[in-house]
Amino acid sequence: MKNPLSGRIIGRVISYVVLALIGLAGIAPFVYLLILSFKTRLDVLTVPPDLHFDWSTIEENYRTVIHDQHYVTFVVNSIVVTGLSTLIALALGVPAAYAFSRLRFRGADTWASTILSFRFMPPIAVAIPIYLMIRSLGLVDSRVGLILPYVAFSLPLVIWIMIGFFDEIPREIDESAMVDGLTRPMVLLRVLLPLARPGMLVAATFGVIFVWNEFLVGLYIVNSSDKETIPIAASSLLTVESPIDWNIAATVGVLTVIPILIFSMVVQRYIVRGITAGAVR
Amino acid sequence: MLGPAALYLVAFSIYPLITSLVRSFQDYNQTKATWRWIGFRNYEDLFTSSEFWTVVKNTLILMTAGVSIQVVAGTALALFFNQNLRGSAIVRGILILPMLLTPIVVGLMWRALLNPQWGLLNWLAVKMGLGYVGWLSDAHVALWTLVLVDSWQWTPFVFVVVYARLQALPQEVFEAGSVDGASWFQRTRLLTLPLLMPAIVFAAIFRGIDAFRTFDLVYGLTNGGPVQATSTLSFEGFQNGFEFQRYGYASAVSYVMVIAAAIGITLLLRVVRVRRMDVAT
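Residues numbered from 1 in each chain as written. Chains lettered and ligands numbered in written order. Predicted model: local features only at pLDDT ≥ 70, side-chain atom pairs only at ≥ 80, totals over all residues.

## Looking at the overall build of chain A
From N to C terminus, chain A includes 12 helices and zero strands. Put simply, chain A runs from its N terminus to its C terminus through helices and strands in the order α-α-α-α-α-α-α-α-α-α-α-α. Relative to its length of 281 residues, chain A is extended, with a C-alpha radius of gyration of 24 Å against a globular reference of 19 Å. With respect to the three principal axes, the spread of C-alpha positions in chain A is 75 × 70 × 30 Å. Classification of the 281 residues of chain A by burial places 46% in the buried group. Sequence-distant contacts, at least 24 apart, represent 79% of the contacts inside chain A between residues at least 6 apart. (Helix = DSSP H or I, 4+ residues; strand = E, 2+ residues; numbered from the N terminus. Rg over C-alpha atoms; globule rule 2.2 N^0.38 Å. Buried ≥ 20, exposed ≤ 12 C-beta atoms within 10 Å, placed from the backbone. Contact = placed C-beta atoms within 7 Å.)

## Observations concerning the overall build of chain B
Looking only at helices and strands, chain B has 12 helices and two strands in total. Taken from the N to the C terminus, the helices and strands of chain B come in the order α-β-β-α-α-α-α-α-α-α-α-α-α-α. Counting only C-alpha atoms and orienting by the principal axes, one finds that chain B spans roughly 75 × 60 × 30 Å. Counting all 281 residues of chain B, 45% fall into the buried class. Partitioning the intrachain contacts of chain B with sequence separation of at least 6 by distance along the chain shows that 70% fall at a separation of at least 24.

## Here we look at the packing of helix α3 (residues 50-81) of chain B against helix α9 (residues 184-212) of chain B
All names here are of chain B. Where α3 meets α9, the axes come as close as 9 Å, and the angle between the chain directions of the two elements is 145 degrees. For α3 against α9, the interelement crossing comes out right-handed. Across from Thr59, Leu62, Met63, Gly66, Val67, Gln70, Val71, Gly74, Thr75 and Leu79 in α3, the residues of α9 making contact are Thr188, Leu196, Ile200, Ala203, Ala204, Arg207, Gly208, Ala211 and Phe212. For the contact of α3 with α9, a count of residues per class yields 11 nonpolar, seven polar and one charged. (Axes fitted to C-alpha atoms, helices over the stretch in contact; angles between N-to-C directions. Left-handed = near helix turned anticlockwise from the far one by under 90°. Nonpolar A, V, L, I, M, F, W, Y, C, P; charged D, E, K, R; others polar.)

## With respect to the packing of helix α3 (residues 71-102) of chain A against helix α1 (residues 3-23) of chain B
Running from N to C, α3 of chain A and α1 of chain B point in directions that differ by 120 degrees, and their axes come no closer than 7 Å. In this view, α3 of chain A runs oblique relative to α1 of chain B, as classed from their interaxial angle. Handedness of the crossing formed by α3 of chain A with α1 of chain B: left-handed. Side by side, α3 of chain A and α1 of chain B meet where Leu92, Gly93 and Ala96 of chain A of the first sit next to Pro4, Ala5 and Tyr8 of chain B of the second. In terms of residue class, the contact of α3 of chain A with α1 of chain B is built from five nonpolar, one polar and no charged. (Parallel < 35°, antiparallel > 145°, perpendicular 65-115°, else oblique.)

## Here we look at the domain arrangement of chain A
Residue and element names in this part refer to chain A. Here chain A is partitioned into domain 1 (4-65) and domain 2 (70-276). Here the C-alpha centre of domain 2 lies 33 Å away from the C-alpha centre of domain 1. Taken together, the contacts link 13 residues of domain 1 with 12 residues of domain 2. Elements represented by at least two residues in the side of domain 1 that touches domain 2 include exactly α1 (4-37) and α2 (55-68). Residue composition of the side of domain 1 that touches domain 2, by class: seven nonpolar, four polar and two charged. (Domains from an automatic or database assignment.)

## So, the environment of Leu268 of chain B
Residue and element names in this part refer to chain B. Relative to the helices and strands, Leu268 resides in helix α12 (residues 247-271). Along the chain, Leu268 and Ala125 lie 143 residues apart, while their C-alpha atoms are 40 Å from each other. Leave out the neighbours within four places in its chain, and Leu268 touches Ile205, Phe206 and Ile209.

## Topic: α3 of chain A
Relative to the 46 Å expected for 32 residues at 1.5 Å per residue, α3 of chain A spans 46 Å between its end C-alpha atoms, a close match to the ideal helical length. The axis of α3 of chain A is deflected most strongly, by about 25 degrees, at Gly93 of chain A, and proline Pro95 of chain A appears within four residues downstream. (Expected span 1.5 Å × (residues − 1). Bend = angle between axes of the 7 residues up to and from the residue.)

## Regarding the interface of chain A and chain B
A common measure of how large an interface is: the accessible area buried when the components associate. Counting residues at the interface gives 83 residues for chain A and 80 residues for chain B. Listed by contribution, the elements that provide at least two residues to the side of chain A that touches chain B are α1, α3, α4 (108-118), α5 (124-136), α6 (143-168), α9 (197-213), α11 (230-238) and α12 (246-276) of chain A. By residue number, the principal contributor to the side of chain A that touches chain B is α12 of chain A, which donates 14 residues. Class assignment of the residues belonging to the side of chain A that touches chain B gives a composition of 62 nonpolar, 15 polar and six charged.

## Description of the confidence of the model for chain B
Residues and elements named next belong to chain B. Per-residue pLDDT for chain B averages 85, and the proportion of residues at 70 or more is 95%. The secondary-structure element of chain B with the lowest mean pLDDT is helix α8 (residues 171-179), recorded at 71, while α3 shows the highest, at 93. When the criterion is pLDDT under 50, residues 274-281 qualifies, and its contacts beyond four places in sequence or with other chains add up to 27 contacts. With pTM at 0.87, the complex prediction returns an ipTM value of 0.85. (pLDDT = per-residue confidence, 0-100.)

## Looking at helix α8 (residues 184-195) of chain A
Residue and element names in this part refer to chain A. The terminal C-alpha atoms of α8 lie 15 Å apart, and with 12 residues this matches the ideal 16 Å at 1.5 Å per residue to within 8%. All of the buried residues along α8 are Val187, Leu188 and Leu192. The buried side chains of α8 occupy one side of the element, clustering within an arc of 95 degrees when seen end-on. Among the exposed residues of α8, those oriented more than 90 degrees off its buried face are Arg190 and Pro194. Packing partners of the buried residues in α8 comprise α3, α6 and α7 (171-179). (Arc of directions from axis to C-beta.)

## Some points on the pairing of strand β1 (residues 26-29) of chain B
Within a regular strand, the side chains alternate between the two sheet faces. Residues and elements named next belong to chain B. Pairing of β1 with strand β2 (residues 34-37), which is carried by four bridges, proceeds in the antiparallel orientation. Note on β2: the bridge partner recorded for Gln26 is Trp37. Counting the residues in the hairpin turn of β1 and β2 gives four residues, including Ala33, whose phi is positive at 55 degrees. (Pairing = 2+ DSSP bridges.)

## Side note on the nonpolar core
Ranked by size, the top nonpolar core spans 158 residues in total, and within it Ile159 and Met162 of chain A together with Val161, Val162 and Ala203 of chain B carry the most contacts. A domain-level breakdown of this core finds at least three residues from each of domain 1 (4-65) and domain 2 (70-276) of chain A. (Core = buried A, V, L, I, M, F, W, Y, C linked by C-beta atoms within 7 Å.)

## Observations concerning unusual backbone geometry
You will see that Val227 of chain B, though not glycine, has its phi angle at about 50 degrees, which is positive. Its location among the elements puts Val227 of chain B in the loop between α10 (216-221) and α11 (233-243).

## So, the confidence of the model for chain A
Confidence in the prediction for chain A averages 84 pLDDT; 94% of positions are at 70 or higher. Confidence, read as mean pLDDT per element, is least for α11 of chain A in chain A (81) and greatest for α3 of chain A (92).

## Focus on the environment of Leu132 of chain A
Its place among the elements puts Leu132 of chain A in helix α5. Here the alpha-carbon distance between Leu132 of chain A and Thr256 of chain A, two residues 124 residues apart in the chain, equals 29 Å.

Below you can see the structure in the form of structure tokens.
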């Protein structure tokens, strides 16, 4: 006779084992990278890696990357480029999304779809002309040269996300504010922006993720190391063909993951909200 | 209010896209930096080159195999997490991470795990009696390794979308089902999965378009090799454009992609209405 209670307990245990395995599959590559970054060049070759760590090795690896390879410069570049691109994309995208949401003009939906479709265009299709354009503008090797295309890449998503959030705010709110004598732009600025703040955070989160990781276009726009963002720098430090010291490569990897880790903990709920926008109805 | 965003997109999205189209009918002379009109020759070269068809095949395999795995595994994860086990919130947090990661670092991590000499996975494969696997060096295996790593990174996306939908379903449906004595499998197959379908379809098309554009993972993991075994359309366009400076040919490659992507986007827009998206919270 099967005992239903013990059957349920076994089921639970299996569930928790599966849960642990899922977590392990997700995190193991990160842990492995971290372990490698604690090793000397030769110790990397030991499989499986032993878990004795030497503080001076760790210090040396991280000092090499942070100090000798000017990692801080890349972090600063990434923050400046990501921050400015995202801000400009919001400044352009939010009013546009408001217009799409509130003003009934001819072909509004077609235009909105067209803008959204840019989000899904293969970047390589515009990468070459954009590179040639930036080059002819004399902006190669400058932060502006990166920011200009990055704004264009994040703008469609910002508009898309914001239309959704503005549509959720009842029109009566605008109308009563306009009865009180506010103009449309003032309504947006004074009344709707505070209400749409969660939407702007979702939009900003996705803009940040995109720009922070972009390197297809950036790779050729920037070619001196003091203008490189983290992924561009990482890609030149870690290309498949160049010989690498794996402990140093792993250290670069860990230092690239840390800002993302912190960011994801702060904005996790906006990420989930943004991904599921449009999927649930 | 629409003006600034529209102007910006015209300058940095539409104009480059049109330039690409024009360039695809031209030939770039590197030494003189001039363009010459050559009609459909780039396209002729393209469609008669075996390299192009290899790359098309790779892209399609990556798309179909990768997205299938991700949809099945992501949906399974969503159903699994629906048990609301204790500690599952932490594992969900871990699962968000791979999606946010700089692709270069994803490549780095996995190149370490899959390293032929000291990588952890080969050690495990040998220990478990599977023998040595040329994950990245064997031309028959490398593309599947790419599928695997892509799935590690993007299964969580499908999971997040489907899970949000699952959480939003009315509980009464399931209660009625279990009162009627239906087993878990019957309830899942007949009740839950049909209700989840819109989210699954959305995630699949969204991932499909993104997988179609895969560039960074190839760049970070295999650089297209061995030979052409893991090159994708985006990577082919990138190599021809930026590395070999065959801008005209690369533009033709990317325009084939633009047209294919346009078809995918049209499909996606059937599923997602741009206006009136509901946002899951």
